[in-house]
Amino acid sequence: MRRKCDRGNRWTKRGVVRYSCCIAKTQETDMSRISHIQIDDRNLPPPTPEIDQERKVAIFDLLEENSFSLPKRDDRVVPDGPFSVDLSIREKRLVFDVTSEGGDKAAEFHLSLSPFRQVVKDYWAICESYFDAVKNLPPSQIETIDMARRGIHNEGARVLQERLEGKAEIDTDTARRLFTLICVLHFGG
């Protein structure tokens, strides 16, 4: 059982967009989730309205429901969640900076952007077609483009799950939402 409170926030500090949400869930699932996400878009061009909407929807959906846990590695203690995730691109690498809700460092992953380049490019190309179609085409043609868009989105989520293997455990829906945020960062990067 889950209740969403209406205290979801968006605020900026030096160009960094932060989102958080309070969600009451059962004790068991509350520990394996992202409760806060921050996207460092300081060095990116301003997003188009469509890209900004994609980001907002992905963040809302991610904070509403996700599965994120850190596996035990070597003999290190794995901190309990829920987690705060800062997503950024540094030195042409995708960076996941993960902390506990108390602010303690939990993990930091640096992933090469190379495996994402083609799928991100394909995703933005199909999104552009989709955004144009919504304005000009009948529903049957929009549905066809949307199916292709979902297929590419699923491929991007699969790539992300592969890249995070052994670093973080995420379900498909969480991977899809995080992939959208990676696309937003990659678009400007």
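This text follows the structure it describes.
Before going into details, it helps to say that this report is about the structure given with it. (Residues numbered from 1 in each chain as written. Predicted model: local features only at pLDDT ≥ 70, side-chain atom pairs only at ≥ 80, totals over all residues. Heavy atoms only, no water.)

1. Structural notes on helix 2 (residues 49-64)
The line we're drawing: Secondary structure counts use DSSP, requiring at least four H or I residues in a row for a helix and at least two E residues in a row for a strand, with both numbered from the N terminus. Residue count minus one, scaled by 1.5 Å, sets the expected span of a helix. Only protein chains enter the area calculation, which uses a 1.4 Å probe; residues under 20% of their type maximum are buried, those over 50% are exposed, and those in between are partly exposed.
End to end, helix 2 covers 22 Å across 16 residues, agreeing with the expected 22 Å (1.5 Å per residue, within 8%). Residues of helix 2 that are buried include every one of Ile-51, Asp-52, Glu-54, Arg-55, Ala-58, Ile-59, Leu-62, Leu-63 and Glu-64, and no others.

2. Describing the layout of surface pockets
Condition: Points on a 1 Å grid over protein atoms alone make up a cavity when a 1.4 Å probe fits among them but cannot get out, and a pocket when they form an open set with protein on both sides within 12 Å along at least five of seven lines; lining residues each have an atom within 4 Å of a point. Grid points are joined across faces, edges and corners, and a volume is the space filled by probe spheres set on the points. Polar here means any residue other than Ala, Val, Leu, Ile, Met, Phe, Trp, Tyr, Cys and Pro, which are nonpolar, and Asp, Glu, Lys and Arg, which are charged; Gly is therefore polar.
In this structure, the largest pocket occupies an estimated 260 Å³ of space. Glu-54, Val-57, Arg-149, His-153 and Thr-180 are, among the 14 residues lining the largest pocket, the residues nearest its centre. Every element with two or more residues in the lining of the largest pocket is listed here: helix 2, helix 4 (139-164) and helix 5 (172-188). Sort the elements by how many residues they give to the lining of the largest pocket and helix 2 lands first, with five residues. Classifying every residue of the lining of the largest pocket by side-chain character gives three nonpolar, three polar and eight charged.

3. Focus: the pairing of strand 7 (residues 83-90)
Note the cut-off: For two strands to pair, DSSP has to find at least two bridges joining them.
Relative to strand 7, strand 5 (residues 34-40) runs parallel, the two being bridged by five bridges. Its bridge partner being in strand 7, Ile-37 is matched across the sheet by Val-85. Where strand 7 meets strand 8 (residues 93-100), eight bridges bridge the pair, whose relative direction is antiparallel. What sits directly across from Ile-89, in strand 8, is Leu-94. With antiparallel pairing between neighbouring strands as the criterion, strand 7 and strand 8 make up a hairpin whose turn holds two residues, including Glu-91 at a positive phi of roughly 50°.

4. Things to note about the packing of helix 3 (residues 114-136) against helix 4
Heads up, the rule is: With axes taken as lines fitted to C-alpha atoms, and helix axes fitted only over the stretch in contact, angles between N-to-C directions fall between 0 and 180 degrees. Oblique is the label for every angle not falling under 35 degrees (roughly parallel), over 145 degrees (roughly antiparallel), or within 65 to 115 degrees (roughly perpendicular). Here a crossing is called left-handed whenever its near helix is offset anticlockwise from the far helix by less than a right angle, and right-handed whenever the offset is clockwise. We call two residues in contact whenever any of their non-hydrogen atoms come within 4.5 Å of each other.
Running from N to C, helix 3 and helix 4 cross one another at 155°; their axes reach a closest spacing of 9 Å. By the angle between their directions, the pair helix 3 and helix 4 is classed as roughly antiparallel. Our pair here, helix 3 against helix 4, has a crossing hand that is left-handed. On the side of helix 3, the interface is formed by Pro-115, Phe-116, Val-119, Asp-122, Tyr-123, Ile-126, Cys-127, Ser-129, Tyr-130, Phe-131, Ala-133 and Val-134, while helix 4 contributes Ile-142, Ile-145, Asp-146, Ala-148, Arg-149, Ile-152, His-153, Glu-155, Gly-156, Val-159, Leu-160 and Arg-163. Along the lines of polarity and charge, the residues of the contact of helix 3 with helix 4 split into 16 nonpolar, three polar and five charged.

5. With respect to the pattern of salt bridges
Put simply, the test is: By definition, a salt bridge exists where a carboxyl oxygen of Asp or Glu is found within 4 Å of a side-chain nitrogen of Lys or Arg.
Following the criterion strictly, the structure yields 13 salt bridges and no others. Linking Arg-55 and Asp-41 is a salt bridge whose minimum nitrogen-to-oxygen distance equals 2.8 Å. Pair noted here: Arg-55 is in helix 2 and Asp-41 is in the loop between strand 5 and helix 2, with a separation of 14 residues, a long-range link. The pair Arg-55 / Asp-41 is uniform in exposure class, with both members buried.

6. Structural notes on the nonpolar core
Where we set the bar: Among the buried residues, those of types Ala, Val, Leu, Ile, Met, Phe, Trp, Tyr and Cys that are joined through side-chain atoms within 4.5 Å form a nonpolar core.
Counting 48 residues, the largest nonpolar core has Phe-68, Phe-96, Val-98 and Phe-109 as the members making the most contacts within it. Per-element accounting of this core gives the leading share, ten residues, to helix 3. Once residues lying within four places of it in the same chain are set aside, the contact partners of Phe-68 are Ser-32, Arg-33, Ile-34, Phe-83, Val-85, Val-98, Phe-109, Ala-168, Glu-169 and Ile-170.

7. With respect to the pairing of strand 9 (residues 105-112)
Here seven bridges tie strand 8 to strand 9, and the two strands are oriented antiparallel to one another. Across the sheet, the residue bridging to Phe-96 is Phe-109, located in strand 9. In textbook terms, the turn of a hairpin is the stretch between consecutive antiparallel strands, and for strand 8 and strand 9 this stretch comprises four residues, one of which, Gly-103, has a positive phi near 95°.

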